[in-house]
Amino acid sequence: MSLKIYLLLFVFIGHAVLSLLVLSAFFGIVENFYHTNKKAETKETAELVFSSMYQIMKRGWSRKDVEDFLSSLQRGESLQVKVYRGEIVEKLYGYIKQDVPDQLIKEVFEKGEDRVYAREGFIRYAYPLLAKQECLSCHTNAKQGNVLGVIEVRNDFASQLASVRLYTAIIMGLLGAFPVGGILLLGFFLGGRMKNFVDSLTENIESVARFRELEKVEKVLVEKKTGIREFDQLKESVLRLTNVFRMIAVDKEVLEFEIKILEKSLITSEFLRDWKQHVRRIVKDFSDIAPIIFMFTVFKINKELLEANVFWLGKPTEEVNSQVENLIKEEIVRKLYADKIYFVHEYMGSEIISHLEGVHLRTKSIILEKPGIGGVCGLGVYIDKASQAVELAIQSVLTSILNMVGSVKAISKYTEDIEFYATRDPLTGLYNRTVFLEMLNLELEKAKRHGHSVGIVLMDADNLHIVNEAYGHSVGDDYLKTTAKILQRITREEDAIARYEDDCFVVLVPETSFENLVSLAQRISHELNSSNVKVKEGEEVGLSYSVGVSYFPDHAHQTKDLLFVAESMVKKAKLSGKGQAAYPTEEDLNELFKEKSDINRLLLEAIEKRNIIPYFQPILNLKTGKIEAHEVLMRIKSGEEILPASAFMNVAESTGLINKMDLILIEKTMQKVAESEYKGLIFLNISPKALIYPQFIPTVSGLVKKYGVEPSRIVFELTERETIKNISLVEKFMNWLAVEGFSFAVDDFGSGFSTYQYIKRFSCDFAKVEGEFILGLDRGSQKDKAIVESIATLCKGINIKTIAEFVESEEILRCITELGIDYAQGYYVGKPAPEFVL
């Protein structure tokens with residue numbers, strides 16, 4: 001239904017309602033007036049009758065006069081008059097025929113007062129005839145004021161009232177017909193104006209697809225008038241509302257684009273691999289919002305050469321290309337204080353860009369002191385002063401790309417540092433233990449295939465702890481650096497040198513004879529034990545190392561056994577007076593493997609008698625300052641002695657007994673948790689060999705249910721180097737953890753050279769930072785500090801909690817707290833004990 005019809009309908013309804021109200025009021029007034037008039041007429045009739053009777057009575061009247069008078073009172077059906085004679089008159093003049101008085105007449109006789117009874121179209125009036133002084137001469141038996149009779153006047157005017165109503169309705173109808181025409185004309189006129197305005201406004205509103213097109217609506221609101229004050233006031237309010245919308249609203253397309261950018265801002269592995277592809281998509285999408293011709297990103301990492309990536313939406317001429325490079329250089333010099341820039345241009349269209357007239361540069365920059373990254377992102381746009389929405393979109397795009405690319409650069413730098421130091425010892429620059437073990441395994445496999453030999457020379461410092469205590473850790477660091485330089489100088493290029501432990505070094509010597517290996521060991525021993533390190537001006541301290549040798553295939557065939565022999569020879573050299581080199585004899589080998597056999601028997605007995613005991617080392621939450629977790633460590637009870645894991649673990653793993661030992665340890669741990677009502681986290685170290693044991697997973701699940709321990713409180717630990725070696729098994733194990741609700745921690749995090757690949761492939765809950773890095777903090781090592789900080793930052797970004805092991809001093813605790821590590825574990829926090837720290 002159109003606006004005009006609505007308006008006419010409302011006018012007619014209003015007219016009808018108003019007419020009914022007026023007619024009802026007029027009817028009420030007419031009827032009230034008519035009733036009042038009839039009432040007055042009735043009363044006047046009664047008074048007239050009384051006056052007439054009085055005049056007749058004054059001159060005296062006969063019975064015939066009375067009857068004639070009463071007959072003359074009848075004036076038709078509408079007006080009737082009756083006279084009732086009272087008892088006083090009847091006693092004196094006798095009875096006449098009259099109607100029997102009803103209650104109204106009786107009340108008038110009794111009270112001596114007139115009475116009126118009225119209903120719609122009918123009035124009945126009773127008037128008392130009171131004896132006056134002059135009446136007493138004739139009515140000798142009456143007193144003044146006595147009621148001599150009653151005059152009743154009945155006026156039935158119902159038919160007259162109906163006629164009056166009819167005539168009134170006809171008159172009102174005739175009078176009401178005149179304004180209807182005017183109303184119709186006014187309705188058509190106003191309806192037409194309002195319909196024209198509304199249709200125009202509706203058409204323009206429906207054509208609005210973006211906020212900037214509200215100008216069309218505003219034009220209609222300004223130019224069109226309706227002539228109705230209230231409606232025009234509403235129009236002005238709508239106009240103000242559209243102005244507010246234009247001021248505060250963001251263009252729909254701009255908003256959708258910004259949402260797309262947010263969706264793409266997640267730093268995924270795909271984004272890390274090809275961030276430029278993502279930037280290209282953003283630039284292409286944004287070109288639909290704003291008239292841009294190029295975008296560039298420049299990042300500076302420490303003192304490296306800057307690379308500027310320029311993404312073009314067309315093909316610039318050489319002149320334009322050169323002009324843009326100069327613009328970017330000026331911006332980089334101003335914001336990054338650098339002028340050595342390498343440009344990489346990418347073209348995303350074939351349209352020739354021959355000039356930069358009308359192009360304005362919009363840029364945004366960021367500088368991060370840590371990890372030493374600065375960057376600038378810019379857009380070339382054909383806009384001088386953009387609308388609020390577009391300007392906001394430009395700033396949003398620049399900020400998003402700056403953050404995304406900056407995050408990629410920061411992560412890349414962190415991972416490069418981690419991957420480098422994961423293979424190297426930060427202090428000496430030598431290979432670390434993890435890399436050495438990998439290299440030794442590879443060399444042994446190759447030697448077995450081709451019939452070659454492999455030797456290792458292991459050396460352990462005799463007095464480094466004394467040097468540290470006497471002269472400080474800086475002198476101790478020089479002690480180790482001097483050792484590394486000597487080893488690099490006297491070994492072959494094909495030999496691999498590693499810092500095996502804190503004060504222990506090892507040299508891997510492939511394809512050598514036993515005689516050459518012994519000769520190298522003697523030379524190493526001589527060079528080290530005859531060298532000094534400067535303590536202070538004019539004072540030096542000598543190096544002292546005990547050296548041990550082992551040789552494949554003569555001494556052992558497995559990596560662990562080969563190391564076992566070399567470590568035993570170092571112990572032999574120390575027992576012989578330190579500063580010497582020792583080589584295994586046949587008698588030494590027999591005794592060593594007999595000792596290994598004894599340990600094997602001890603392990604079998606421990607499994608049979610279940611003499612495997614869990615010890616618990618507390619783990620401190622650095623944010624809350626509370627002990628919230630414990631790591632379970634394996635101990636064996638042998639008689640009255642409690643043996644640490646270092647005394648039997650190598651043998652347990654090499655013989656495969658570790659699987660059964662792990663299960664006994666886990667069951668006793670669950671039992672202890674249930675008995676002590678411990679509510680914290682439990683970290684369980686498991687051997688990688690357990691992953692191939694088919695009953696391991698169902699057995700652990702059964703133990704957890706048996707003792708009522710929530711799986712979410714159990715955290716399984718595997719070392720990083722073992723997870724990388726058993727990648728498929730670990731994936732299966734991780735799937736089981738996810739299904740059962742257990743958590744996972746990687747131990748010695750940062751020790752392997754595949755750390756970055758590891759965290760991309762696996763999802764873990766905790767990362768225990770390699771202890772070598774943590775111990776380096778106590779010596780004030782800046783490299784170790786940088787590595788720990790990088791690991792903490794990287795893990796925080798991917799929601800992995802970090803735990804620092806080997807926290808053995810207040811200085812280390814303070815340092816890891818500042819670096820952002822989440823938890824601490826070590827002797828300073830608490831030593832392993834058979835009870836939980838509650």
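Look up a bit, the structure's there.
Residues numbered from 1 in each chain as written. Predicted model: local features only at pLDDT ≥ 70, side-chain atom pairs only at ≥ 80, totals over all residues. Heavy atoms only, no water.

**Notes on the sheet that holds strand E3 (residues 122-130)**
Read from one edge of the open sheet, four strands run E1-E4-E3-E2, paired in antiparallel fashion. Each having just a single partner strand, strand E1 (79-85) and strand E2 (115-119) make up the two edges of the open sheet. Pairwise comparison of adjacent strand axes, ignoring direction, gives a mean angle of 10° for this sheet. (Pairing = 2+ DSSP bridges. Helix = DSSP H or I, 4+ residues; strand = E, 2+ residues; numbered from the N terminus. Axes fitted to C-alpha atoms, helices over the stretch in contact; angles between N-to-C directions.)

**Notes on the packing of helix H13 (residues 433-450) against helix H17 (residues 559-575)**
If you want to describe how two helices pack, look at the angle between their axes and the distance between the axes. Contact geometry of H13 with H17 gives a least axis separation of 10 Å together with a crossing angle of 115°. Classified by the angle between their axes, H13 and H17 sit roughly perpendicular to one another. Considering only the axes of H13 and H17, their crossing is right-handed. Residue-level contacts link Phe 436, Leu 437, Leu 440, Asn 441 and Leu 444 of H13 to Thr 559, Leu 562 and Leu 563 of H17. Split into classes, the residues belonging to the contact of H13 with H17 amount to six nonpolar, two polar and no charged. (Parallel < 35°, antiparallel > 145°, perpendicular 65-115°, else oblique. Left-handed = near helix turned anticlockwise from the far one by under 90°. Contact = heavy atoms within 4.5 Å. Nonpolar A, V, L, I, M, F, W, Y, C, P; charged D, E, K, R; others polar.)

**As for the side chain of Asp 822**
On the secondary structure map, Asp 822 appears in the loop between helix H27 (810-819) and strand E28 (823-824). At 2.9 Å, the side chain of Asp 822 forms a polar contact with the backbone nitrogen of Thr 802. Setting aside residues no more than four positions away along its own chain, Asp 822 makes contact with Leu 620, Asn 621, Leu 622, Lys 623, Lys 796, Ile 800, Lys 801 and Thr 802. (Polar contact = N/O pair within 3.5 Å; in protein donor to acceptor, adjacent residues only side chain to side chain.)

**Some thoughts on the sheet that holds strand E15 (residues 504-510)**
Spatially, the six strands line up as an open sheet ordered E12-E14-E15-E13-E18-E19, and their pairing is mixed. Across the chains shown, the open sheet's two edge strands, defined by having one partner strand only, are strand E12 (431-432) and strand E19 (581-582). Judged from the eight bridges that link them, strand E13 (residues 454-461) and strand E18 (residues 545-552) form a sheet pairing that is antiparallel. Each bridged residue has a counterpart across the sheet, and for Val 454 the counterpart in E18 is Phe 552. Contacts between helix H16 (residues 514-529) and the sheet are confined to E13, E15, E18 and E19, with E18 contributing the most and set at about 170° to the helix. Most of the contacts of H17 go to E18, to which it runs at about 150°, and overall it touches E13, strand E14 (496-501), E18 and E19.

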